[in-house]
Amino acid sequence: MTDPTPSRWGGGEAESIRAALAGDRRAFEALYRAHSGRVHALCLRLSSHAATAEELTQEAFVRAWQRLATFRGDSAFATWLHRLTVNVVFDHQRAQRSWYRRTVSLDDEGDAVDVLPDRGSAPGDRHDLEAAIRRLPRGARTVFVLHDVEGWQHDEIAARAGIAVGTSKAHLHRARSLLKEWLS
Amino acid sequence: MNANSDEALDALTARLPRSIEPSRDLWPYVDARIASPTPRAPLWQLALAAGIAALFVGALLLGMPRGIPADSAVAYRQQLDAAFSPLRQASLTRYRARADRLDPALRRTVETNLAIIDRALAEIRVALERDPDDAELGQILKRTYEQELAIIDAVTPNAPVDPQQYRGAL
C-alpha cells in the first residue's frame, strides 16, 4: 500500500500515542482530532451512507483505542489506523450481507444503482465524482476507493476483502468504466 | 472537465479531498464508549440469560415470515420494536433499582451513554419516518438497542440478556 501521509510516528503524535496507551483519553482525543477527517472520508466513500459513515468512524476509533497496544510504530500511525478502519468497514459489510440474506435476500451487488449521478454541479467536477462513487456497486466502489483514492495495491485489497486479485481488478475496471461513462 | 478518459478520471480522483469532517463532532460519542469498560456478569448468569433471550426472541420471530419481500425493512423494524421493547423496559427498570448503589463515576458514565443512545434512537426514528424503507437504518436501530442493553447488563447483576448471544437471532 502506498501511504500518501508522511510518517507521523514522532513528535507530538508519539507522545499522544504513549499517553493514550497509558489510558489518557485526552491524548487519544488529540489523535482523534488529527485523523477523524481522513477516517471519516474513507468510511463515507466505502459505505456511501452518511449516517453509517459516522457510526463506522466512531467504531474505528473505539477499536483503535482497544487495540492501540498492537501499534508498534513500524508504519505511520495513519496507515495503521486506516487499515483498522477498512477492517471495521468490511466487518460491517459482512454483517450487513448476512442480515440481508436472512431478511430481504438482496445479493452482494444489491446496492448497485446504474443511473446517472445527480447533476447539481458542472459535469465532471470532483463533486460529481463523489456522487458517482456513491452510486457504484459495492464491490466496484470498494476497490476504486482503496486502489485509486487510497493507493492500495490489488493484492492487499484482495487479501483484506477475501477476494481474488483478478476479482479486484475486474471490480476496478467496472468502476472506472462506469465513472467515465457517467462523467463524460 | 469531462472524465471520459483514464487520464481525466485520474486527474479528478487526485483532486478529491483526503479529509472530510463528519457533520457533527463524534468525539463525545467515542469518549463515552471508551470511558465505560464493561465488566461482565458471571458466565453462568450470561449463559442462562442467553438461553432465555434466545427463546424469547426466537419465539417472537417464529411468526416472522422468512425471505421477506420488498417492504421488509418496515416489517423488520416492527419486529425489532416488538422484540426489544419488553427487554428495554425490563433492563431500565433493573438499572433504576440499582442505580443508587453504583459508584458515582460509573453511574455518570452509564447515564451519559444511555442519554447518547436515547438521542440516537430519537434521531433514527426521525430518519425512519423520512425513509421507512431504508433497511440500513433498521440495522442501525437494532445495534443501538443492543448497545443500550449491553450497557445496562454490564452494570446490573442477573442480566436477563446478553446481546452478543442473541445477535445472531435477529
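Owing to the predicted nature of the structure, the values given are computational and were not obtained by experimental measurement. The residue numbering used here restarts from 1 in each chain and proceeds along that chain's sequence as written. A letter from A marks each chain and a number from 1 marks each ligand, given out in the order of writing. Since the coordinates come from a predicted model, pLDDT governs what is reported: local features require at least 70, and pairs of side-chain atoms require 80 or more to be given and counted, while whole-chain, interface and lining totals use all residues.

Caption draft 1: Geometry of the overall build of chain A. Numbering of helices and strands runs from the N terminus, with a helix taken as a DSSP run of H or I at least four residues long and a strand as a DSSP run of E at least two residues long. Secondary structure assignment for chain A yields eight helices and zero strands. When the elements of chain A are put in sequence order from the N terminus, they spell out α-α-α-α-α-α-α-α. Each residue is classed by its C-beta neighbour count within 10 Å, where at least 20 other C-beta atoms makes it buried, 12 or fewer makes it exposed, and intermediate counts make it partly exposed; the C-beta atoms are placed from backbone geometry. Within chain A, the fraction of its 184 residues that count as buried is 39%.

Caption draft 2: Looking closely at the overall build of chain B. When helices and strands are tallied, chain B shows seven helices and zero strands. Counting across all 170 residues of chain B, residues that qualify as buried make up 28%. Placing a C-beta atom from the backbone of each residue, one calls two residues in contact when those atoms lie within 7 Å. Within chain B, contacts between residues at least 6 apart in sequence are counted, and of these 75% link residues at least 24 apart.

Caption draft 3: Looking closely at helix H2 (residues 27-34) of chain B. If you check which residues of H2 of chain B are buried, you get Tyr-29, Val-30, Asp-31, Ala-32 and Arg-33 of chain B. Elements in contact with the buried residues of H2 of chain B: helix H2 (25-47) and helix H3 (50-66) of chain A together with helix H5 (104-130) of chain B.

Caption draft 4: Quick peek at unusual backbone geometry. All names here are of chain A. The backbone of Ser-48 shows a phi angle near 60°, a positive value even though the residue is not glycine. You can see Ser-48 is positioned in the loop between H2 and H3. By the C-beta count within 10 Å, which is 21 here, Ser-48 ends up buried.

Caption draft 5: Up close: the confidence of the model for chain A. Residue and element names in this part refer to chain A. Each residue carries a pLDDT score, the predictor's own confidence in it, on a scale running from 0 to 100. Overall, the predicted model of chain A reaches an average pLDDT of 81, with 77% of residues at or above 70. Mean pLDDT values for the elements of chain A range from 80 in helix H4 (residues 77-102) up to 96 in H2. Here residues 1-9 scores under 50 on pLDDT; set against residues more than four positions off or in separate chains, the count is 20 contacts. Segment residues 99-123: pLDDT under 50, and 34 contacts once partners within four positions in sequence are set aside and those in other chains are kept.

Caption draft 6: Representation of the nonpolar core within the structure. Here a nonpolar core is just a set of buried residues of the types Ala, Val, Leu, Ile, Met, Phe, Trp, Tyr and Cys, joined wherever their C-beta atoms sit within 7 Å. In terms of nonpolar packing, the biggest core is built from 47 residues, with Cys-43, Ala-60, Leu-81, Val-143, Phe-144, Ala-175 and Leu-179 of chain A touching the most fellow members. With nine residues, the single largest contributor to this core is H2 of chain A. When we break this core down by domain, the ones giving at least three residues each are domain 1 (1-106) and domain 2 (111-184) of chain A. Membership of the second largest hydrophobic core comes to 14 residues, among which are Ile-124, Leu-137, Tyr-145 and Leu-149 of chain B. Boundaries between domains were set according to an automatic or database domain assignment.

Caption draft 7: Layout of the environment of Arg-125 of chain B. Residues and elements named next belong to chain B. Counting through the fold element by element, Arg-125 comes out in helix H5. Judged by the 13 C-beta atoms lying within 10 Å of it, Arg-125 is partly exposed. For the pair formed by Arg-125 and Leu-141, sequence separation is 16 residues and the distance between their alpha carbons is 8.3 Å.

Caption draft 8: Inspection of the packing of helix H6 (residues 138-149) of chain A against helix H8 (residues 165-183) of chain A at higher detail. Residue and element names in this part refer to chain A. Between H6 and H8, the least distance of the axes is 8 Å, while the angle of their chain directions is 90°. The angle between H6 and H8 falls in the class roughly perpendicular. Counting all contacts with H6, which are made through Gly-139, Ala-140, Arg-141, Val-143, Phe-144 and His-147, the residues of H8 involved are Ser-168, His-171, Leu-172, Arg-174, Ala-175 and Leu-178. Residues are grouped as follows: Ala, Val, Leu, Ile, Met, Phe, Trp, Tyr, Cys and Pro are nonpolar; Asp, Glu, Lys and Arg are charged; all remaining types, including Gly, are polar. Its residues placed into classes, the contact of H6 with H8 shows six nonpolar, four polar and two charged. To obtain an axis, a line is fitted to C-alpha atoms, over the contacting stretch when the element is a helix, and the angle between two such axes runs from 0 to 180 degrees between their N-to-C directions. Should an angle fall under 35 degrees it is taken as roughly parallel, and over 145 as roughly antiparallel, whereas 65 to 115 is taken as roughly perpendicular and any remaining angle as oblique.

Caption draft 9: Molecular detail of helix H6 (residues 135-155) of chain B. To estimate the expected span of a helix, count its residues, drop one, and scale the result by 1.5 Å. For H6 of chain B, built from 21 residues, the straight-helix expectation of 30 Å at 1.5 Å per residue is met to within 8% by its first-to-last C-alpha distance of 31 Å. Of all the 21 residues making up H6 of chain B, 15 are buried; the element is thus mostly covered by neighbouring parts of the structure.

Caption draft 10: View of the packing of helix H7 (residues 154-161) of chain A against H8 of chain A. Residue and element names in this part refer to chain A. Put simply, H7 and H8 touch, their axes get as near as 8 Å, and they point 110° apart. Our classification of the angle between H7 and H8 gives roughly perpendicular. On H8, the residues that touch His-154, Asp-155, Ile-157 and Ala-158 of H7 are Val-165, Ser-168 and Lys-169.

Caption draft 11: Local environment of the environment of Arg-141 of chain A. Residue and element names in this part refer to chain A. Summarising the element assignment, Arg-141 is placed in helix H6. Each C-alpha atom, one on Arg-141 and one on Ala-175, is 6.5 Å from the other, the two residues being 34 residues apart in sequence. For Arg-141, the contacting residues outside a window of four places in its chain are Ser-48, Ile-133, Leu-136 and Ala-175.

Caption draft 12: Spatial organisation of the confidence of the model for chain B. All names here are of chain B. Within chain B, residue pLDDT values average 70, and 67% of them lie at 70 or more. Mean pLDDT values over the elements of chain B span from 40, in helix H3 (residues 43-62), up to 94, in helix H1 (residues 6-14). Segment residues 38-70: pLDDT under 50, and 42 contacts once partners within four positions in sequence are set aside and those in other chains are kept. Note on residues 159-170: pLDDT is under 50 here. Beyond four places in sequence and across chains, it has 38 contacts. Our summary of model confidence lists the complex with pTM equal to 0.58 and ipTM equal to 0.80.

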